[in-house]
Amino acid sequence: MSAQAELHVPVMLAEVVALLTPALEAPLTDPPGTNDCVLLDCTLGLGGHAYALLAACPQARLIGLDRDHQALALARQRLAEFSNRVTLVEAVFHQLPEVLVRLAQPKVQGILLDLGVSSLQIDNPERGFAYAQDAPLDMRMGPQELTAAQILNTYSKSDLARILRSYGEERFADRIAARIVAERDREPFRSSARLVRLLHDAIPAASRKSGGHPAKRTFQALRIEVNGELRALESVLPEAIAALALHGRIVVLAYHSLEDRLVKQILTAASRDRAPRDLPVVPAELRPQFRLLTRGAMRPSVAEIARNPRAASARLRAAERIAELPVAG
């Protein structure tokens, strides 16, 4: 196993394993068939959650997706002892339906979405995700063309303010956008250090003292825009719950309020009936298809945050399919 994989600490690992294991207990057929028990890890990363689930559930098979070919290579090393139960695919998680069709796997028993930026990406200065060190303004999770530098150097002031406000929940979005446009006219943005200095100067001193690092929200907004994260999440969640077999479970780890709000809305809607309030009997096709497995969002323990500060912002939600839509006849 690589040193990077060994150092990777999966967030809320015990909780993820406890929530998904009950859905991964059906016996396997050999050779593989439609009754197999399949875990779909849509954001494989370095494979930490997947390794623990494969170890805990010897009857389960894994389909692991990641858009980062370097992460897939390291995950393949980490999961080598389970190679006969593992299929890895280079894909963005919103390509989930196409992947399942290609693998002739219409339903799965477990789905995991860990929406955080992987340690591999954060710790590599060349990727430009971290504001604590000077790096090229890249922030791409995969091979797409758009970079953070292109956003900073080409988006209009109003569009910059919009993404800072919408994706970073930045109170000073208009002020920061105006500063960025003025500065790029003097010289295009290329490195994170220059952007961090600008953000430090643009945000009032009182807010710098109480609002965390002044670059945090802007870097989050740029990363989300570069990778189309919220659009992809909004697209994949309905597809993911549709792919779950009866009694299958989905677990989602979100790391900021925008993601968590979207996860909450979609899982809650699937867990409610869709009948008019005054209907005396709810028809089967309008009854809830899911039940929530968490009351609100679960948060990491104080002990886990002390061991792994990157877990501090994590919010975990989970649901189980309790009914299938009736087949039209």
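Reference entry: report on the structure contained in this document. Throughout, a residue's number is its position along its own chain's written sequence, starting from 1. Owing to the predicted nature of the model, reporting of local features is limited to residues with pLDDT of at least 70; listing and counting of side-chain atom pairs is limited to 80 or more, with chain, interface and lining totals taken over all residues. No hydrogens and no water enter the side-chain calculation; it runs on all heavy atoms of the structure.

### Focus: unusual backbone geometry
Working step 1: In this model, alanine 104 sits at a positive phi of 50°, which is unusual for a non-glycine residue.
Working step 2: We note that methionine 139 has phi near 70°; this positive angle belongs to a residue other than glycine.
Working step 3: Put simply, DSSP marks the helices as runs of H or I at least four residues long and the strands as runs of E at least two long, and each gets a number from the N terminus on. Within the secondary structure, methionine 139 sits in the loop between α6 (119–122) and α7 (148–154).
Working step 4: Exposure classes here rest on a 1.4 Å probe applied to the protein chains alone. A residue is buried below 20% of its type maximum, exposed above 50%, and partly exposed in between. Of the residues examined, methionine 139 reaches a relative accessible area of 0% and is grouped as buried.

### Things to note about helix α8 (residues 157–168)
Working step 1: Over its 12 residues, α8 extends 16 Å from the first C-alpha to the last, a length consistent with the 16 Å expected when each residue adds 1.5 Å.
Working step 2: Buried residues of α8: Leu160, Ala161, Ile163, Leu164, Tyr167 and Gly168, and no others. With its buried residues spanning 165° around the axis, α8 presents them on a single face.
Working step 3: For α8, the secondary structure elements touched by its buried residues are α7, α9 (173–186), α12 (216–227), α13 (229–242) and α14 (257–270).
Working step 4: Phi for glutamate 169, located one or two positions after α8, is positive at around 50°. Take the residue count of a helix, subtract one, and multiply by 1.5 Å to get its expected span. In this context, the arc is that of the directions from the helix axis out to the C-beta atoms. What makes two residues a contact is simply this: any of their non-hydrogen atoms within 4.5 Å.

### Let's talk about the pairing of strand β5 (residues 244–254)
Working step 1: When you tally the buried positions in β5, you get 9 out of 11 residues, the bulk of the element.
Working step 2: As paired strands, strand β4 (residues 108–114) and β5 are joined by 6 bridges and run parallel to one another. Each residue of the ladder has a partner; that of aspartate 114, found in β5, is leucine 253.
Working step 3: Summarising the sheet, β5 and strand β7 (residues 315–321) pair through 6 bridges and their orientation is antiparallel. Two strands pair under a simple rule: DSSP has to find at least two bridges between them.

### Here's the deal with the side chain of arginine 194
Working step 1: With respect to the secondary-structure elements, arginine 194 resides in helix α10 (residues 192–202).
Working step 2: Exposure remark for arginine 194: the relative accessible area of 12% places this residue in the buried category.
Working step 3: Here a polar contact means two N or O atoms within 3.5 Å. Within protein one must be a hydrogen donor candidate and the other an acceptor candidate, and residues neighboring in sequence count only if both atoms are side-chain atoms. Polar side-chain contacts of arginine 194 include one of 2.8 Å to the backbone oxygen of glutamate 187.
Working step 4: Apart from residues no more than four positions distant in its own chain, arginine 194 is found in contact with Glu183, Arg184, Arg186, Glu187, Pro188 and Phe189.

### Re the pattern of salt bridges
Working step 1: The rule for a salt bridge is simple: a side-chain nitrogen of Lys or Arg has to be within 4 Å of a carboxyl oxygen of Asp or Glu. According to the stated counting rule, one finds 13 salt bridges in the structure shown.
Working step 2: With a shortest N-O distance of 3.6 Å, arginine 190 and glutamate 187 are connected by a salt bridge.
Working step 3: Of the residues examined, arginine 190 reaches a relative accessible area of 55% and is grouped as exposed.
Working step 4: As a salt-bridge pair, glutamate 229 and arginine 223 come within 2.8 Å of each other at their nearest N and O atoms.
Working step 5: Taking the relative accessible area as the measure of exposure, glutamate 229 reaches 8% and is therefore buried.
Working step 6: Assessed through its relative accessible area of 13%, arginine 223 is described here as buried.
Working step 7: Three or more residues are tied together by salt bridges with common partners; here these are Glu183, Arg186 and Arg194.

### Quick word on the packing of aromatic side chains
Working step 1: Note on aromatic contacts: the rings of Phe and Tyr and the six-membered ring of Trp form a pair at centre separations within 6.5 Å, being stacked when their planes are under 30 degrees apart, edge-to-face when over 60 apart, and tilted otherwise. In the structure shown here, the tally under the stated rule is 1 aromatic pair.
Working step 2: Aromatic pair tyrosine 51 and phenylalanine 82: ring centres 5.2 Å apart, planes at 65°, arrangement edge-to-face. Placement of tyrosine 51 in helix α3 (residues 48–56) and of phenylalanine 82 in the loop between α4 (69–78) and β3 (86–90) is noted, with a sequence separation of 31 residues between them.
Working step 3: If you follow arginine 194 out to its NZ or CZ, it ends over the ring of phenylalanine 189, 4.2 Å from the centre. Look at NZ for Lys and CZ for Arg. If either is within 6 Å of the ring centre and within 35 degrees of the ring normal, a charge sits over the ring.

### Focus on the state of the cysteines
Working step 1: A pair of cysteine sulfur atoms is labelled a disulfide when the two atoms are within 2.5 Å. The tally for this structure, following the rule as stated, stands at 0 disulfides.
Working step 2: Left unpaired, cysteine 57 is separated from the closest cysteine sulfur, that of cysteine 37, by 7.3 Å.

### Describing the side chain of histidine 49
Working step 1: Within the fold, histidine 49 resides in helix α3.
Working step 2: The class for histidine 49 is buried, based on a relative accessible area of 5%.
Working step 3: A distance of 2.7 Å separates a polar atom in the side chain of histidine 49 from the backbone oxygen of valine 11.
Working step 4: Filtering out sequence-adjacent residues up to four positions away, histidine 49 remains in contact with Pro10, Val11, Leu13, Val16, Leu112, Asp114 and Leu253.

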